[in-house]
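Structural overview for review
The residues making up each chain are set out below.
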Amino acid sequence: LQGVFVLGLPYALLHSGYSGLLLIVLAAAFCCYTGKILIACLYEENEDGQLVRVRDTYEDIANACCKELSPKLGGIIVNVTQVVELIMTCILYLVISGNLLSHSFPYVPVTEKTWSVIAFVTLLPCVFIRTLKVVSKLSQLCTLVHFVIILVVMTYCLTQIHQWSWAKFRLSIELEDFLVSVGVIIFSYTSQIFLPTLEGNMKNPGEFRRMLNWTHFFACVLKTTFALTAFLTWGEETKEVITDNLPSFLEMLVNLCLLTKALLSYPLPFFAATEIVYSCISKGNHSNYRSPLLALSVRVSFLLLTLLMAMFTPHFALLMGLSGSVTGAAMTFLLPSLFHLKLKWKKLSFLEKCADISVFILGFLCSLAGIVFSIKGLLEVFG
């Protein structure tokens, strides 16, 4: 999904002006920080003062924070939030795939929903994915395709360098447009859902913080460069998805690359969602709960669910925005900072406490703004 948001960054600069460049940097720093404090919540010091991993998942962290109220309340809230966000992401990939196929082959008498079904057929092998190792290889291919897309767009932009002008940047901005830009920029960095699993599967978990620093640094540099060159090329004509600005001979190539990226991206959120549900079911004592057949049934059910919702959910983009404003902000800003304050309060310095509180307030404001404007959009559509 990050690739989709990256393609919207030039449009975000159109509405946020110079402040958008600063936002791209700040978003990278905030998301990197919340990733670190979330992983810190997995560890506790033993009697010798050494850090020991006593928790494995986001759910375990939530349960530890809410154990005074209910032993499983926190885990239930986190799991529901995670599954909703992951499933909505999978549905979005199917919707995007249908849209891209429809625009790539406009002369074929097939509807977008039919194209989504065709894309869905190519995703059927996902039901047989049982390890994160397979998903990581698909994600590597996805990254390569993403770089091809960025390379094509930036190469074209560089051929138009004679048209660039800094006068295209806005000095004054409107609040509503600015908040939309904030949402696009911040959610182009979100990855907190996957971090506990990723850190737990690293050969050397001690390198996690360094990995997070470098990945966010390079992501920030790439996104800033891409957004800036694209916006300087098209200025006020910049469209919501920058590939729509490309000439027709490049647009089809990039659309097919985006389709490939969407299909390769689908397995990660799908695998994560099914693993969460299966792990919840398999905590029972009955041996039947641990059967491979049940695991396969869970994956098949989720695969069909994403197809059905992609086919029949009206005004999906607005509903996705509403869901993302609630679940995305919660998983990225609100819960990591809240859990870190709860579990590490006595060991945090004054500045660390201020940082966590500031991140929580920022996340709350972003979430509130996103909810308000998403509901406003839904009311206008249904009005």
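The model shown is predicted, which means the values in this text are computed figures rather than measured ones.

Notes on the overall build of the protein
Summing up its helical and strand segments, the protein has 15 helices and two strands in all. The proportion of buried residues among the 383 residues of the protein is 48%. Taking the intrachain contacts of the protein between residues at least 6 apart in sequence as the baseline, contacts between residues at least 24 apart amount to 78%. Accessible surface, the protein as shown: approximately 19500 Å² in total, 68% of it carbon and sulfur.

Here we look at helix H2 (residues 9–16)
Summarising burial for H2: seven of the eight residues are buried, a large majority. All of the buried residues along H2 are Leu9, Pro10, Ala12, Leu13, Leu14, His15 and Ser16.

Notes on the pattern of salt bridges
Considering all chains together, one arrives at seven salt bridges under this definition. Glu45 is the partner of Lys347 in a salt bridge, and the nearest nitrogen-oxygen pair spans 3.9 Å. Highlighted residues: Lys347 in the loop between helix H14 (316–344) and helix H15 (350–382) and Glu45 in strand E1 (residues 43–45), separated in sequence by 302 residues. Judged by relative accessible area, which is 53%, Lys347 ranks as exposed. Ionic pairing is found between Glu207 and Arg210, a salt bridge with its closest N-O pair at 3.4 Å. Classification of Glu207 as partly exposed rests on a relative accessible area of 31%. Judged by its relative accessible area of 52%, Arg210 falls in the exposed class. Connected through shared salt-bridge partners, Glu44, Arg55 and Lys344 make up one network.

Details of the packing of helix H7 (residues 132–159) against helix H10 (residues 208–234)
It is at 9 Å that the axes of H7 and H10 come closest, and there the two elements cross at 40°. Compared by their axis directions, H7 and H10 come out oblique. For H7 against H10, the interelement crossing comes out left-handed. Residues Phe147, Ile150, Val153, Met154, Tyr156 and Cys157 of H7 touch H10, and the partners they reach there are Leu222, Thr225, Phe226, Thr229, Ala230, Thr233 and Trp234.

Considerations on the packing of helix H5 (residues 73–104) against helix H11 (residues 248–265)
Packed helices, taken two at a time, are described by the angle between their axes plus the distance between the axes. For the pair H5 and H11, interaxial distance at closest approach is 9 Å and the crossing angle is 155°. Of the possible angle classes, the one that applies to H5 and H11 is roughly antiparallel. Here H5 runs over H11; the crossing is left-handed. Along its contact with H5, which presents Tyr93, Ser97, Leu100, Leu101, His103 and Ser104, the element H11 presents Met252, Asn255, Leu256, Leu258, Leu259, Ala262, Leu263 and Ser265.

Some details on the nonpolar core
Phe226, Tyr266, Phe302 and Phe339 are the most contacted members of the largest nonpolar core, which totals 98 residues. Among the elements that take part in this core, H5 stands out by supplying 13 residues, more than any other.

A word on the packing of aromatic side chains
Tallied over the entire structure, the rule returns seven aromatic pairs. Measuring from ring centre to ring centre gives 6.0 Å for Trp214 and Phe217, while their planes differ by 90°; the resulting arrangement is edge-to-face. Residue Trp214 and its partner Phe217 are both found in helix H10; the two are separated by three residues, about one turn of the helix. With 5.4 Å between their ring centres and 65° between their planes, Phe217 and Phe218 make a pair best called edge-to-face. Three or more aromatic residues joined by ring pairs make a cluster, and in this case those are Trp214, Phe217 and Phe218. The cationic tip of Lys223 hangs over the ring face of Tyr189; the distance from NZ or CZ to the ring centre is 3.7 Å. Over the ring of Trp345 we find Lys353, and its NZ or CZ is 4.0 Å from the ring centre.

Some points on the environment of Val221
Among the structural elements, Val221 can be located in helix H10. Look at Val221 and you get partly exposed, because its relative accessible area is 39%. Linking Val221 and Val25, residues 196 residues apart in sequence, is a C-alpha distance of 8.4 Å.

Concerning H5
The terminal C-alpha atoms of H5, which comprises 32 residues, lie 47 Å apart, in line with the 46 Å expected from a rise of 1.5 Å per residue. Extensive coverage of H5 is indicated by the burial of 24 of its 32 residues.

So, how was this worked out
Residues numbered from 1 in each chain as written. Predicted model: local features only at pLDDT ≥ 70, side-chain atom pairs only at ≥ 80, totals over all residues. Heavy atoms only, no water. Helix = DSSP H or I, 4+ residues; strand = E, 2+ residues; numbered from the N terminus. Buried < 20%, exposed > 50% of the residue type's maximum accessible area, 1.4 Å probe, protein only. Contact = heavy atoms within 4.5 Å. Areas by Shrake-Rupley, 256 points an atom, 1.4 Å probe, with all protein chains shown as cover. Salt bridge = Lys/Arg side-chain N within 4 Å of Asp/Glu carboxyl O. Axes fitted to C-alpha atoms, helices over the stretch in contact; angles between N-to-C directions. Parallel < 35°, antiparallel > 145°, perpendicular 65-115°, else oblique. Left-handed = near helix turned anticlockwise from the far one by under 90°. Core = buried A, V, L, I, M, F, W, Y, C linked by side-chain atoms within 4.5 Å. Phe/Tyr/Trp six-rings, centres within 6.5 Å; stacked < 30°, edge-to-face > 60°. Lys NZ or Arg CZ within 6 Å of the ring centre and 35° of its normal. Expected span 1.5 Å × (residues − 1).

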